[in-house]
Amino acid sequence: MGPRIVMLVDLDYFFAQCEELRNPSIKVMPVVVCVFSGRTEDSGVVSTANYIAREYGVKSGMPIFMAKKKLEATNAVFLPVDYTFYEEISNKVMDILKSFADRFEQVGIDEAYLDVTERANESFQKGCEIAAQVKNEILRLQKLTCSIGLAPNKLVAKIAADTQKPDGLTVVTLEHAASFLASLPVSRLIGVGTKTKARMQALGINSIFELSHFNMQRLIAAFGKTSATYFHNASLGIDEEPVQERGEASSISRIATLQKDSRELDFILEKTNELCKDIHAALTTTGKSFKTIGITLVTTDMKIHTRSETLESPTDSLETMRRTVKELLERFFTQQELKARRVGVKISNFLEKQRNQKQLTSFIQEAENETSVS
Ligand code: TTP
Ligand code: MG
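Structural notes, computed from the coordinates. (Residues numbered from 1 in each chain as written. Chains lettered and ligands numbered in written order. Predicted model: local features only at pLDDT ≥ 70, side-chain atom pairs only at ≥ 80, totals over all residues. Heavy atoms only, no water.)

1. With respect to the packing of helix 4 (residues 83–98) against helix 5 (residues 124–142)
How we decide: Here an axis means a line fitted to C-alpha atoms, over the contact stretch when the element is a helix, while the angle between two N-to-C directions is reported on a 0 to 180 degree scale. Put simply, DSSP marks the helices as runs of H or I at least four residues long and the strands as runs of E at least two long, and each gets a number from the N terminus on. Between 65 and 115 degrees an angle is taken as roughly perpendicular, under 35 as roughly parallel, over 145 as roughly antiparallel, and anywhere else as oblique. Note on convention: the crossing is left-handed when the near helix lies turned anticlockwise from the far helix by less than a right angle, right-handed when the turn is clockwise. What makes two residues a contact is simply this: any of their non-hydrogen atoms within 4.5 Å. As a working rule, the residues Ala, Val, Leu, Ile, Met, Phe, Trp, Tyr, Cys and Pro are called nonpolar, Asp, Glu, Lys and Arg charged, and the rest polar, with Gly in that last group.
Following both chains from N to C, one finds helix 4 and helix 5 inclined at 140 degrees, their axes separated by 10 Å at the closest point. On the basis of their axis angle, the class for helix 4 and helix 5 is oblique. The hand of the helix 4/helix 5 crossing is right-handed. Here helix 4 contributes Ile-89, Lys-92, Val-93, Ile-96 and Leu-97 to the contact with helix 5, which in turn contributes Val-134, Glu-137, Ile-138, Leu-141 and Gln-142. Taken together, the residues of the contact of helix 4 with helix 5 break down into 7 nonpolar, 1 polar and 2 charged.

Printed below as a string of structure tokens:
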């Protein structure tokens with residue numbers, strides 16, 4: 001069985017592109033979509049900007065007054081966010097994407113992973129053709145451009161998609177995954193934020209190549225086993241996270257809002273332990289056991305993050321559920337510097353065994369043997 005074929009589709013400058021759809025005459029101007037806080041006329045931050053505005057240095061998260069300054073000499077348009085409108089368009093695009101996928105996972109308002117392994121007959125060439133069709137259909141039906149990364153897993157697909165924007169299609173095969181990543185800075189890996197990047201720099205690690213060759217014992221000493229293993233595997237382009245359908249029939253989930261935004265593990269665990277207990281009670285009535293445990297975090301920037309772990313064998317243990325949730329949370333907060341606003345837990349049963357598990361496992365072992373020599 002060949003490697004998986006996974007794509008990440010990310011719509012270009014999404015909120016601003018939606019605004020251009022509504023009013024095509026602004027397409028030739030810098031367009032800045034703003035979250036106005038209402039305190040003063042210009043207080044608030046930039047949500048996103050079109051690529052014309054980006055040429056002037058305007059970015060997501062920048063204060064509006066700063067964006068106005070950068071665009072002073074232009075005919076720039078500043079518009080307030082209209083989530084309802086963007087969501088409507090997002091839903092239509094997601095429906096198109098679903099029709100192209102064996103398995104589909106939406107990860108944000110303008111992003112989704114598609115596993116196309118089966119319909120591409122395990123051929124990367126065919127996968128590329130599907131990716132091109134996806135781009136054509138989104139353009140034809142919704143008049144929107146997107147950027148796609150096509151790769152053997154989610155991790156590489158995401159980085160590939162970010163490489164060429166807007167309107168890009170970047171393909172990275174299994175054989176080229178490690179060399180594709182090697183020259184990139186570590187900050188390109190999901191989970192390496194400003195703090196982790198600085199800690200890696202202090203260890204002399206700047207590029208992903210340097211990370212992949214860094215002594216494993218020292219990496220564990222610096223980041224702990226779970227994160228060190230993640231960083232090491234990620235640096236080699238190894239990632240086994242499946243593309244997960246949301247809302248599967250065989251899943252039980254609970255989500256709750258935290259009393260305050262937080263990244264404090266003990267505080268969050270109090271809430272997730274309660275959720276686990278609820279889920280476990282519901283599970284008991286079904287008489288089933290589960291194999292996959294996932295967490296969902298809505299962070300202060302309103303983005304939705306999910307992480308999951310699939311166990312070797314099914315279980316109905318509350319303790320295992322809680323322990324796995326704790327590990328997933330620990331890993332998430334080592335990789336992200338965001339605070340959580342809402343937390344969720346989900347358990348699910350996977351009927352089919354993940355198709356390429358065996359092959360990837362042997363790839364990991366080979367890769368580790370190679371690097372442990374250095
Ligand atoms: P992104 O996909 O990160 O950004 P984008 O689509 O605007 O641009 P790109 O071409 O680089 O993909 O985010 C999707 C939408 O989420 C974006 O259009 C607006 C919103 N958003 C914010 O409101 N604040 C932020 O800080 C970011 C990063 C995004
Ligand atoms: Mg986008």
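Still to come is the rest of the account.
2. Observations concerning the packing of aromatic side chains
Two aromatic rings are characterised by how far apart their centres lie and by the angle between their planes. We apply this condition: Each aromatic pair joins two rings of Phe, Tyr and Trp (for Trp, the six-membered one) with centres within 6.5 Å, and gets the label stacked for planes under 30 degrees apart, edge-to-face for over 60, and tilted for any other angle. Two limits define a charge over a ring: the Lys NZ or Arg CZ must be within 6 Å of the ring centre, and within 35 degrees of the ring normal.
Scanning all chains against the criterion turns up 8 aromatic pairs. Members of the aromatic cluster, each reached through a chain of ring pairs, are Phe-14, Phe-15, Tyr-83, Phe-85 and Tyr-86. The residue whose ring lies beneath Lys-154 is Tyr-113, and the NZ or CZ to ring-centre distance is 5.2 Å. Looking at Lys-260, its charged tip hangs above the ring of Phe-267, at a distance of 4.6 Å from the centre.

3. Overview of the site of ligand 1
Just so we agree on the cut-off: To be near a molecule or strand, a residue needs just one of its heavy atoms within 4 Å of it. Pairs of N or O atoms within 3.5 Å make up the polar contacts considered here, provided that, within protein, one atom can donate a hydrogen while the other can accept it, and that residues adjacent in sequence are counted only when both atoms are side-chain atoms. In these tables, accessible area is a Shrake-Rupley quantity obtained with a 1.4 Å probe, and a residue counts as shielded only by the protein chains included in the view.
The local shell around ligand 1 holds 14 residues, among which Tyr-13, Ser-47, Thr-48, Tyr-51 and Arg-54 are the closest. Phe-14 places a main-chain nitrogen or oxygen 2.9 Å from an oxygen atom of ligand 1. Between Lys-165 and ligand 1, the recorded distance is 2.9 Å, taken from a side-chain N or O atom to an oxygen atom. Contact with the protein chains removes 78% of the 560 Å² of surface that ligand 1 exposes when unbound. For the shell around ligand 1, the secondary-structure elements that each account for two or more residues are strand 1 (6–11), helix 1 (14–22), strand 3 (44–49) and helix 2 (51–54). For the shell around ligand 1, the residue count by class is 5 nonpolar, 3 polar and 6 charged.

4. Examining the coordination of the magnesium ion (ligand 2)
Heads up, the rule is: Here a donor is any nitrogen, oxygen or sulfur atom (N, O, S) within 2.8 Å of the metal, with 3.2 Å used for Na, K and Ca; water is not among the atoms considered, so some sites may look incomplete. A four-donor site is classed as tetrahedral when every donor-metal-donor angle falls between 85 and 135 degrees; four donors are called square planar, and six octahedral, when trans pairs exceed 155 degrees and all remaining angles lie between 65 and 115, with any other arrangement labelled irregular. Whether a residue is buried, partly exposed or exposed follows from its accessible area with a 1.4 Å probe, protein chains only, as a fraction of its type maximum: under 20%, in between, or over 50%, in that order.
The coordination sphere of the magnesium ion (ligand 2), as far as protein atoms go, consists of Asp-10 (OD), Leu-11 (O) and Asp-110 (OD), spread over 2.1 to 2.2 Å. Between the 6 donor atoms coordinating the magnesium ion (ligand 2), the angles at the centre fall across 83 to 174 degrees, so the site counts as octahedral. All donors to the magnesium ion (ligand 2) come from one chain, and their sequence spacing reads D-L-x98-D. One end of the pair, Leu-11, is in strand 1; the other, Asp-110, is in the loop between strand 5 (103–108) and strand 6 (111–115), and 99 residues separate them in sequence. Given the relative accessible area of 14%, Asp-110 is considered buried.

5. A few points about the sheet that holds strand 4 (residues 77–80)
So the rule is basically this: Two strands make a pair as long as DSSP finds a minimum of two bridges between them.
In spatial order, the strands read 3-2-4; together these 3 strands make up an open sheet with mixed pairing. Edge positions in the open sheet fall to strand 3 and strand 4, since each of these has one partner strand only. Neighbouring strand axes in the sheet, compared pairwise and without regard to direction, differ in orientation by 35 degrees on average. Both strand 2 (residues 31–36) and strand 3 contribute to a ladder of 5 bridges, which runs antiparallel. Bridging from a neighbouring strand, Val-35 pairs with Val-45 of strand 3. Sitting on the sheet, helix 1 touches strand 2, strand 3 and strand 4, and the angle it makes with strand 2 is about 115 degrees.

6. Comments concerning the sheet that holds strand 12 (residues 340–348)
Taking strand neighbours across the sheet as the criterion, the 4 strands line up as 9-12-10-11 in an open arrangement whose pairing is antiparallel. Two strands in the sheet have a free side with no partner beyond their single neighbour: strand 9 (251–262) and strand 11 (304–315). Going from strand to strand, the sheet's axes swing by 15 degrees on average, the running direction of each strand aside. Sheet analysis places strand 10 (residues 290–299) next to strand 11, joined by 8 bridges and oriented antiparallel. Looking at strand 11, one finds that Leu-297 is bridged to His-305.

7. A few points about the nonpolar core
To keep it simple, the criterion reads: We define the nonpolar core as a collection of buried residues of types Ala, Val, Leu, Ile, Met, Phe, Trp, Tyr and Cys that are connected through side-chain atoms lying within 4.5 Å of one another.
The biggest cluster of nonpolar side chains holds 37 residues, and the ones touching the most others in it are Met-7, Val-9, Phe-14, Leu-97, Leu-114, Val-134 and Ile-138. Listing elements by their share of this core, those giving two or more residues are strand 1, helix 1, strand 2, helix 4, strand 6, helix 5 and strand 7 (146–151). Top element by residues in this core is helix 4. It accounts for 7 residues. Setting aside chain neighbours within four positions, we find Phe-14 in contact with Tyr-86, Ile-89, Ser-90, Ile-109, Asp-110 and Leu-144.

8. Brief notes about the side chain of Lys-135
Tracing the backbone shows Lys-135 in helix 5. Judged by its relative accessible area of 14%, Lys-135 falls in the buried class.

9. Remarks on helix 10 (residues 216–223)
The N-cap of helix 10, judged by a side-chain oxygen 2.9 Å from the amide nitrogen of Gln-217 a few residues on, is Asn-215. Phi for Gly-224, located one or two positions after helix 10, is positive at around 85 degrees.

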